[in-house]
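If you want the building blocks of each chain, they are given just below.
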Amino acid sequence: MSVGVTLSTVEDTHAFGRRLAGVLRAGDLLLLTGPLGAGKTALTQGIGAGLGVRGDITSPTFVIARVHRPDPARGGAVALVHADAYRLGDAADPRAEIDDLDLDASVDDSVTVVEWGEGLVEQLVDAHLRVRIDRRDDDTRIVELDPVGGDWRARLATLR
């Protein structure tokens, strides 16, 4: 069972990210895929807002990964790890570079969002959520949530 949603604006993408954050918990792994400019970071910004984390969420393309600590004043209780494997695709062994990020050290205590991570990070957890974002010519975003294992199906049912 995948869940699909159409988002008309970037603000809608942020709002959906905030809603999605409501079903997330420590130990969750989300794999975001989609073309450049589809809205992966915009969705992550909404997730971060919903989780109540500190700091501005920007694309981690050049730093590869950022950790956003929870801000108790904003209701935050779980950290957000935001990684981008886009530049790792050119590496001779991108899995080794993923290992160097030590995502496995924080995955149990954080919500981990990896852009362009499909095929590289699934082994970190037993269950994960694949999120495919496509952007139409009119800037509408089509988001497909595909649960892989665990209790994702039940949690996603609450988003409808």
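As shown above, the structure is provided for reference.
Residues numbered from 1 in each chain as written. Predicted model: local features only at pLDDT ≥ 70, side-chain atom pairs only at ≥ 80, totals over all residues. Heavy atoms only, no water.

Check the secondary structure of the chain and you find five helices and seven strands. Listed N to C, the secondary structure of the chain is β-α-β-α-β-β-α-α-β-β-β-α in terms of helices and strands. A separation threshold of at least 6 residues defines the contact pool for the chain, and within that pool the share at least 24 residues apart is 64%. Total accessible area on the chain stands at roughly 7,700 Å², and carbon and sulfur atoms take up 47% of it. (Helix = DSSP H or I, 4+ residues; strand = E, 2+ residues; numbered from the N terminus. Contact = heavy atoms within 4.5 Å. Areas by Shrake-Rupley, 256 points an atom, 1.4 Å probe, with all protein chains shown as cover.)

Time to look at the pairing of strand E5 (residues 110-115). Across the six residues of E5, six count as buried, placing the element largely inside the fold. Residue alternation in E5 divides its side chains into two sets, Ser110, Thr112 and Val114 and Val111, Val113 and Glu115, and both sets are buried. Strand direction decides the pairing type here: strand E4 (residues 79-84) and E5, joined by six bridges, are parallel. Each bridged residue has a counterpart across the sheet, and for Ala83 the counterpart in E5 is Val114. (Buried < 20%, exposed > 50% of the residue type's maximum accessible area, 1.4 Å probe, protein only. Pairing = 2+ DSSP bridges.)

The next thing to look at is the pattern of salt bridges. Under the definition given, this model contains six salt bridges. The partner of Arg25 in a salt bridge is Asp151, and the shortest N-O contact between them spans 2.6 Å. One end of the pair, Arg25, is in the loop between helix H1 (10-21) and strand E2 (29-33); the other, Asp151, is in the loop between strand E7 (141-148) and helix H5 (152-157), and 126 residues separate them in sequence. In this structure, the salt-bridge partner of Arg135 is Asp139, at a minimum N-O distance of 3.4 Å. Given a relative accessible area of 38%, Asp139 falls into the partly exposed group. Within the structure, one salt-bridge network assembled from shared partners comprises Arg25, Asp28, Asp151 and Arg155. (Salt bridge = Lys/Arg side-chain N within 4 Å of Asp/Glu carboxyl O.)

So, on to the sheet that holds strand E3 (residues 65-68). Spatially, the seven strands line up as an open sheet ordered E1-E7-E6-E2-E5-E4-E3, and their pairing is mixed. Strand pairing shows two members of the sheet lacking a second neighbour, strand E1 (3-7) and E3, which therefore form its edges. Strand-to-strand twist of the sheet, defined as the mean angle between neighbouring strand axes without regard to direction, takes the value 20°. As defined by bridge partners, E2 adjoins E5 across four bridges and the pair is classed as parallel. Each bridged residue has a counterpart across the sheet, and for Leu29 the counterpart in E5 is Thr112. (Axes fitted to C-alpha atoms, helices over the stretch in contact; angles between N-to-C directions.)

For the rest of this paragraph, the subject is the nonpolar core. One finds Leu20, Leu30, Ile47, Val131 and Leu145 to be the most contacted residues of the largest nonpolar core, which totals 28 residues. Put simply, the parts of the chain that give this core at least two residues each are E1, H1, E2, helix H2 (40-51), E5, strand E6 (128-135), E7 and H5. With residues up to four places along the chain from it excluded, the contact list for Leu20 reads Leu30, Ile47, Leu129, Leu156 and Leu159. Counting nine residues, the second largest nonpolar core, distinct from the first, contains Leu29, Ala85, Val114 and Val121. (Core = buried A, V, L, I, M, F, W, Y, C linked by side-chain atoms within 4.5 Å.)

Attention now moves to the environment of Gly37. Mapped onto the elements, Gly37 comes out in the loop between E2 and H2. The class for Gly37 is partly exposed, based on a relative accessible area of 41%. Discounting residues that sit within four places of it in the chain, Gly37 has contacts with Arg135 and Arg141.

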